[in-house]
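Spelled out, the chains give:
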2 protein chains.
Amino acid sequence: MSPPWQPPWKAGSTLSGSRYSAMELAPDGAAAFVLDQRRLPLEEHYVTCTTVEEVAATIRDMVVRGAPAIGITAAYGLAIAARAATGADYLAALERASELLVATRPTAVNLAWAVGRCLGLAREHASSPAPARAAEMAELARSIHREDVAACRAMGELGAALLPQGSTLLTHCNAGALATGGFGTALGVVRAAAAAGKLTAVFADETRPYLQGARLTAWELAEDGIPVTVITDGMAAHCIDRRGITAVIVGADRIAANGDVANKIGTYGVACIARHHGIPFYVAAPWSTVDLATPTGRDIVIEERAPHELTHLGDRQLVASGVAVYNPGFDVTPASLVTAIITERGVFAPADLPGR
Amino acid sequence: MSPPWQPPWKAGSTLSGSRYSAMELAPDGAAAFVLDQRRLPLEEHYVTCTTVEEVAATIRDMVVRGAPAIGITAAYGLAIAARAATGADYLAALERASELLVATRPTAVNLAWAVGRCLGLAREHASSPAPARAAEMAELARSIHREDVAACRAMGELGAALLPQGSTLLTHCNAGALATGGFGTALGVVRAAAAAGKLTAVFADETRPYLQGARLTAWELAEDGIPVTVITDGMAAHCIDRRGITAVIVGADRIAANGDVANKIGTYGVACIARHHGIPFYVAAPWSTVDLATPTGRDIVIEERAPHELTHLGDRQLVASGVAVYNPGFDVTPASLVTAIITERGVFAPADLPGR
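Let me sum up the structure you'll find in this document. (Residues numbered from 1 in each chain as written. Chains lettered and ligands numbered in written order. Predicted model: local features only at pLDDT ≥ 70, side-chain atom pairs only at ≥ 80, totals over all residues. Heavy atoms only, no water.)

Some remarks on the interface of chain A and chain B
No. 1: Between chain A and chain B, the residue contacts involve 54 residues of the former and 54 residues of the latter.
No. 2: Taking both partners together, chain A and chain B bury about 4600 Å²; carbon and sulfur atoms supply 65% of that area.
No. 3: Sorting the residues of chain A by area buried against chain B places A:H238, A:R242 and A:Y326 first, and these three jointly supply 14% of that buried surface.
No. 4: The interface formed by chain A and chain B contains 4 salt bridges.
No. 5: The partner of A:R208 in a salt bridge is B:E206, with the nearest N and O atoms 2.6 Å apart.
No. 6: Joining chain A to chain B, the criterion identifies 14 residue pairs in polar contact (both at pLDDT 80 or more).
No. 7: Examining the composition of the side of chain A that touches chain B, we find that 6 residues originate from one element, helix α9 (residues 267-277) of chain A, more than from any other.
No. 8: Tallied by class, residues from the side of chain A that touches chain B come to 32 nonpolar, 12 polar and 10 charged. (Contact = heavy atoms within 4.5 Å. Buried area = accessible area lost by both parts, 1.4 Å probe. Salt bridge = Lys/Arg side-chain N within 4 Å of Asp/Glu carboxyl O. Polar contact = N/O pair within 3.5 Å; in protein donor to acceptor, adjacent residues only side chain to side chain. Helix = DSSP H or I, 4+ residues; strand = E, 2+ residues; numbered from the N terminus. Nonpolar A, V, L, I, M, F, W, Y, C, P; charged D, E, K, R; others polar.)

Structure below.
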């Protein structure tokens, strides 16, 4: 099944623009390659998916994570589903596939947004010949991927323009190439700032419990030769105070109409700390993360994840058996703590999102 | 060497007041038993020390940690040194032992304070017969232990009196029985509040990188049947906002004359978050933690610990090889963020420490 076009790739041959990619669709549309982020940074392994069920599992099991990345991966899942649904029940098959994909993770709005776009196309072209439908769905999914990379590059430029020379940035979780189609949202701004010669250093919160900062952000910035220092989440205040951090930049999983920002757990605390120290707190996210249908952060469902992520690391037990743990995957930073929201459509004050 | 009196003990037979103790001196003064906190919560193992070098290693290697606990352990080390130094070079031997002990950890002032008290006695009784010197030094070390437990119980009462009915507390690191002679500073307040029927729940930050909250605080509160929920350090803001935390209580490693508080890394961020949410931030510490000779927090040496604590957990590598990490062991919470300092001598506003 697995086509000859497979990772590792040359940088010019991927939609991500890099030699690695969170996800790519094979040229024939028969397989999606999803980088297994659970194994990073020690191992670069791609999961090859040839069914929508396999794609859904990569999202559910966090092989791939990051709001834009799971949206693109879901679109690739629907491209694979479209190729498999050669009969008259095409639309019903695509609707079932969509339900499966949307149910995998509740908080990121990009997932529902990407699936909605694909389902719209499915409704339009359901009566077309099967090969044409499959080709069109693959092309839409690739467009969603391409648009996301372009959005990240636009955010990078807009975000870097906000930063002064000699910036030292703090970021939380991984809002990088691995969380998007490529280049990254928050890390896109970091990359653009580095390219513009404005960056002195980057501190990366390790981001417990899943360690996206320690494992992923550090890996991808080091890959690009950008000077990154990993700290624990509890070190943010100390480093802002003593190590000259000048701004915080993070991504987002859903932005409510009032500018409240749902992002990886721990973001809200960093925002409080940034405010206490009077440094700017920027959010970078594609417009697809803005959910004008959700009035405020209080209306955003916060995914609660398994206690095991907190009580164990690998095989090692960290918490005494029987002790309660609480493991929300996200928190909501109120708009009042957000200096600006950087999107590919422009930079907005959180209270002034267009279209609300 | 190991005397018949050894752990596990009955609660009435220890100075800690519990069936376990961070450290105890054998009745004959020949051995100190130090609970290996690195193995908790999975295993309750005591290291038996019969030389001051072995005692110093338990402090350096974090078999025992917590400012009051390492002070008491050091005093037991000097009791063992006093017993071994039977000759005319008694004072020189005790001075060498003191230097060894003080050099193990730089930030906690209690260590230097306890060693200073023992050295004062050594100077006074250097010309006494060897058995008398050894007995007196052992008795002083036990007094330091007893006084610390009494101080913790006094802090507990004073701190609990500050709290309203229905309190839900957040604590960071382990300022409990394991960090003291027994009962605990911040957890002494938690225990007294529970006994007074004022406590609804306790949240414990896991406290990366060393996980004192996940491993130690959760273990000792669960041992006492106090309802504790472990969260990651990044969840503090979310839990204050959504889970009804009414106050933060932490311990301290050194309190400067101006009321600035050095404590486990991560404390400062929690203080910023508490202030943002308008809830009180209490520090509980014995008077021996107050260092009037240190004018401000800027004058406190912050111990920087090995990168390995952050890059690895057990055998598991978390951060890509070659990536920089920064691992300060402590941070300084400015007096302006501290609601009150609870000591056995009374509750003080940080700007009003007596004797400054």
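Anyway, onward from the coordinates.
Let's talk about the packing of helix α4 (residues 109-125) of chain B against helix α5 (residues 130-162) of chain B
Residues and elements named next belong to chain B.
No. 1: It is at 10 Å that the axes of α4 and α5 come closest, and there the two elements cross at 155 degrees. Considering the angle they form, α4 stands roughly antiparallel to α5. Between α4 and α5 lies a crossing of right-handed hand. Residues W113, A114, R117, C118, L121, A122 and H125 of α4 form the contact with α5, whose participating residues are R133, E136, M137, L140, I144 and E147.
No. 2: Its residues assigned to classes, the contact of α4 with α5 comprises 8 nonpolar, 1 polar and 4 charged. (Axes fitted to C-alpha atoms, helices over the stretch in contact; angles between N-to-C directions. Parallel < 35°, antiparallel > 145°, perpendicular 65-115°, else oblique. Left-handed = near helix turned anticlockwise from the far one by under 90°.)

A closer look at the side chain of A:K264
No. 1: For A:K264, the location among the structural elements is in strand β9 (residues 261-264).
No. 2: Excluding its chain neighbours within four sequence positions, the residues that come into contact with A:K264 are A:H172, A:C173, A:T207, A:Q212, A:D253, A:G329, A:F330 and A:D331.

Quick word on unusual backbone geometry
No. 1: Residue A:R208 is joined to A:P209 through a cis peptide bond whose omega torsion reads 5 degrees.
No. 2: Note that A:P209 resides in the loop between β5 (199-205) and α7 (212-223).
No. 3: Of note in this structure, A:M62 is not a glycine but carries a positive phi near 60 degrees.
No. 4: Within the element layout of this structure, A:M62 appears in the loop between α1 (52-60) and α2 (67-84).
No. 5: A positive phi angle is found at B:F183, which is not glycine, with a value near 75 degrees.
No. 6: Position of B:F183 among the secondary structure elements: in the loop between β4 (167-171) and α6 (186-195).
No. 7: With a relative accessible area of 14%, B:F183 lands in the buried category. (Buried < 20%, exposed > 50% of the residue type's maximum accessible area, 1.4 Å probe, protein only.)

Quick word on the pattern of salt bridges
No. 1: For the structure on display, the rule yields 32 salt bridges over all chains.
No. 2: A salt bridge links B:R39 to B:E43, with the nearest nitrogen and oxygen atoms 3.0 Å apart.
No. 3: Among the residues examined, B:R39 registers a relative accessible area of 34% and is labelled partly exposed.
No. 4: Sharing partners across several salt bridges, the network here consists of A:D36, A:R38, A:R39 and A:E43.

Regarding the relation of the copies chain A and chain B
No. 1: For the pair chain A and chain B, the superposition axis carries a translation of 0.0 Å, the fit reaches an RMSD of 0.0 Å, and the rotation angle comes to 180 degrees. Each copy turns onto its partner about a two-fold axis.
No. 2: Mapped onto chain B, 100% of the interface residues of chain A are again interface residues, and the two copies thus contact each other with one and the same surface. (Least-squares fit on C-alpha atoms with pLDDT ≥ 70 in both.)

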